[in-house]
Every structure is written in structure tokens, then in C-alpha cells.
Amino acid sequence: MDLNTIWFLLVGVLIAGYAILDGFDLGTGVLHLFTRDERERRVMMNAIGPVWDGNEVWLLTGGGALFAAFPPVYASVFSGFYLAFMLLLVALIFRAVSFEFRSKVDAPGWRRRWDVAFGVGSAVPALLYGVAVGNVLRGLEMDASGVTTTLPGLLNPFALLIGVLGLAMFVLHGASYLALKTEGALQERMRRSASAAWVVFIALYAVSTAASYAVAPYLFEHWLANPLTWVFFALLLASRIAGPWALRAERFGRAFIASAAATLSIIALAAEGLYPRLVPSRPDLANSLTIYNASSTPRTLTTMLVIALIGMPLVILYTVLIYRAFRGKTVITSESY
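Undergrad: Looking at this structure, I do not really get the overall build of the chain. What am I missing?
TA: Scanning the chain for helices and strands turns up 13 helices and five strands. Against the globule reference of 20 Å for 337 residues, the chain gives a C-alpha radius of gyration of 20 Å, in line with a compact fold. Classification of the 337 residues of the chain by burial places 50% in the buried group. Contacts spanning at least 24 positions in sequence make up 80% of the contacts within the chain whose residues lie at least 6 apart. Accessible surface, the chain: about 15,900 Å² in total, of which carbon and sulfur atoms supply 71%.

Encoded structure:
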């Protein structure tokens, strides 16, 4: 395994880690948007309150790793998705601010406005992340200066389908997390929501897979011949069986692990289809950015690998300690959001 492949795996691990950790944050925000009871809204916000900002560290780390290891990919994708990323940034800012502002004024209208900001600020990123992935899987129009696809071109039917799939995945993950962290009537509703989300998620994944074969057949060139395909597909199938079973048995910790495993599986299957490409080019795949023609120098990759091997365990340790400190059911106090 060469340095380029190792960095492809590291970037993939960071993206998957972000999707698993911040995914349930975003899903919680989407579900929060449809919750009318004030106490339940507070419970939902406080369920993710201690961890949401730490979860977003994985996004920043993933972006930094992409910049360090594959700078042409970072430059091309961020320039091509500039307007979409600005919309994403605005949504994330309003989402973050809503945590602090909603309780500053004791007025229902004030709180409701920030609740809407929190919900929309969660739903927009959940959708746009999937749209971005969908465009990468489909391939981007590129020339010598980089990506030439316009914002309307990014909102093509295939990318929107993947965006909706990503939204369903995060809602499933968020509902599973809330079922783990809450009690009573709210827990029961989240259990039902997670069970319904499993059906929607698997149906959308089946449709998306068929659409991918029609739109981007190169993703399946070595799919069946690669043993990893069967490993991750088996993990996805096992998650599909274990998740709903755990929800019915009220084993909510196992249900959450199943939704996390499903998230990991579909990201791994998508990455496997892309490898060794990072950004496929339309209409000519020969112009694609790969882990070889878009990488940093071997010395840079080696130096950054040493830094990553020191830094990533610290990030993982911090994450484990935070989740251990705030384990258990969510309790509302006078200091809660």
C-alpha cells in the first residue's frame, strides 16, 4: 500500500467519522424542526449540546487533510462548489448561534425563531453534503482551470437524489440517538421515527444504487471483484436487520450502533467505487483528478502522515472521553439550553 492510498484511506476515515458523529447532530436538528412541545425541543437540543461542536472538528480535520494530501482536489472542489459552500457555511453559523441565543430572551416567539434557525441550519447541510457527494460520484465538468460546473448544474436530479438519501441517513441516525438519550413519550416517538426512517433509507439506497449504475457506470468497474464490496455490503445488510430489531426490543444502544454501521457502509462503498479517482471528470474520465496526479509530494505526504499518526489518536481519545463524561439520559436543568 503506497502513501497515496494511505492518505485516501485517512481522508475517507475522517469523512466517515464526521458523518457518523455530526450526522446524528444534523438528524436531531431536522427532527427538532417538527417538534412542537417546548420541553421536548429543549431535551433534543441538550441531547447534543455537549458534543456537537467537538463532532464538527472531524469536518475541519478532513478538510485540512484533503488540503495537505491532495491540494488540486481541494482547490478544484472548493472553487467549483463555492456558492453551495457559502450557503452551507451560513446554515452552520445560524445553527451554532441558535444554541446560545434561544434561551437569552424568555419569549415564545424569540425561541421559536431560533428553533427554526436550528432546524433549517441542520437540514440544509444534511441535504447539501449529499448533493456534493452526488456530484462527485456523477463526475464534474472540468477543464485546465478546474471545475466549470455552475450552481444550477450542481442541482441535477442525480445529485439531489443522493442529497435526499443523505438527509434520510442523518434523520435515521438522529432518531436512533435520541431514542438512546431520551425517555417516555419522546423516546417512543423517536423509536417509531427511526423504524420508519430505516424503510425510507434502504428504499432510497436501492434507487440511488440503480441510478448510479445508469449515470456513473465506472463506479462499478471493479465492484464485484473486490472482496471489500462484500464485506461492507454484508455490514449494511446486517445493520438493516439489527437496527429495526434493536428498536423493537428497545435496545437503543445497539440501534444507534446499527445506524452508525449503515452510515459507514455506504460511505465505504462509495469510496471503493471512486478509488483511485477523487474527482471524476465529465465527459472524459481521462481528465479526472486521482490520488496520483493530484497528490502532494512524497515528502509532504510522509511528514503529514507522522503528524496524523500523532494527532488522530488524540482526537479519538478526546471524543471518547467527552462521550463517556456525558453518557446517560438527557436531564434538563436551569443551565440547559
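Undergrad: I'm lost on the pattern of salt bridges in this one. Help?
TA: Opposite charge on two side chains makes pairing possible when the charged atoms of those side chains draw close. Within this structure, the stated rule accounts for twelve salt bridges. In this structure, the salt-bridge partner of E188 is R192, at a minimum N-O distance of 3.5 Å. Taken as a pair, E188 and R192 lie in helix α10 (residues 184–215) at a separation of four residues, close to a single helical turn. On the basis of relative accessible area, E188 is assigned to the partly exposed category, the value being 28%. Members of the salt-bridge network, linked through shared partners, are E38, R41, R102, D106, R111 and D115.

Undergrad: Got a minute to help me understand the packing of helix α9 (residues 157–181) against helix α12 (residues 252–274) in this structure?
TA: Packed helices, taken two at a time, are described by their axes: the angle between them and the distance between them. Where α9 contacts α12, the axes come no closer than 8 Å and their chain directions differ by 160°. The angle between α9 and α12 falls in the class roughly antiparallel. At the point where α9 passes α12, the crossing takes the left-handed sense. Seen from α9, the contacting residues are M169, L172, H173, S176, Y177, A179 and L180; seen from α12, they are F252, G253, A255, F256, S259, A260, T263 and I266. Residue classes in the contact of α9 with α12 are distributed as ten nonpolar, five polar and no charged.

Undergrad: Please clarify how the side chain of S265 should be interpreted in this entry.
TA: As for its placement among the helices and strands, S265 is situated in helix α12. Look at S265 and you get buried, because its relative accessible area is 0%. A polar contact of 3.4 Å, which involves the side chain of S265, links it to the backbone nitrogen of L236. Ignoring anything within four residues of it in the chain, the contact list for S265 reads F232, L235 and L236.

Undergrad: Which parts of the structure should I look at to understand a nonpolar patch on the surface?
TA: Together, Y82, L83, M86, L89, I93, L151, L155 and L160 make up an exposed nonpolar region whose accessible area comes to about 720 Å². The element best represented in the nonpolar patch is helix α6 (residues 82–101), accounting for five residues. Residue position: L89 is located in helix α6.

Undergrad: Quick question: what am I supposed to make of the packing of aromatic side chains here?
TA: Given two aromatic rings, one states the distance between the centres and the angle between the planes to describe the pair. Scanning all chains against the criterion turns up 17 aromatic pairs. Judged by centre distance (5.6 Å) and plane angle (85°), the rings of Y18 and Y129 are edge-to-face. Placement of Y18 in helix α1 (residues 3–32) and of Y129 in helix α7 (residues 108–138) is noted, with a sequence separation of 111 residues between them. When the ring of F220 is compared with that of W223, the centres are 5.1 Å apart and the planes differ by 75°; the resulting orientation is edge-to-face. With relative accessibility at 14%, the residue W223 sits in the buried group. Put simply, the rings of F67, Y74, F78, F81 and F85 pair up and form one aromatic cluster.

Basis of the calculations
- Residues numbered from 1 in each chain as written.
- Predicted model: local features only at pLDDT ≥ 70, side-chain atom pairs only at ≥ 80, totals over all residues.
- Heavy atoms only, no water.
- Helix = DSSP H or I, 4+ residues; strand = E, 2+ residues; numbered from the N terminus.
- Rg over C-alpha atoms; globule rule 2.2 N^0.38 Å.
- Buried < 20%, exposed > 50% of the residue type's maximum accessible area, 1.4 Å probe, protein only.
- Contact = heavy atoms within 4.5 Å.
- Areas by Shrake-Rupley, 256 points an atom, 1.4 Å probe, with all protein chains shown as cover.
- Salt bridge = Lys/Arg side-chain N within 4 Å of Asp/Glu carboxyl O.
- Axes fitted to C-alpha atoms, helices over the stretch in contact; angles between N-to-C directions.
- Parallel < 35°, antiparallel > 145°, perpendicular 65-115°, else oblique.
- Left-handed = near helix turned anticlockwise from the far one by under 90°.
- Nonpolar A, V, L, I, M, F, W, Y, C, P; charged D, E, K, R; others polar.
- Polar contact = N/O pair within 3.5 Å; in protein donor to acceptor, adjacent residues only side chain to side chain.
- Patch = residues over 30% accessible without salt bridge, like charges linked within 9 Å, V, L, I, M, F, W, Y side chains within 5 Å.
- Phe/Tyr/Trp six-rings, centres within 6.5 Å; stacked < 30°, edge-to-face > 60°.

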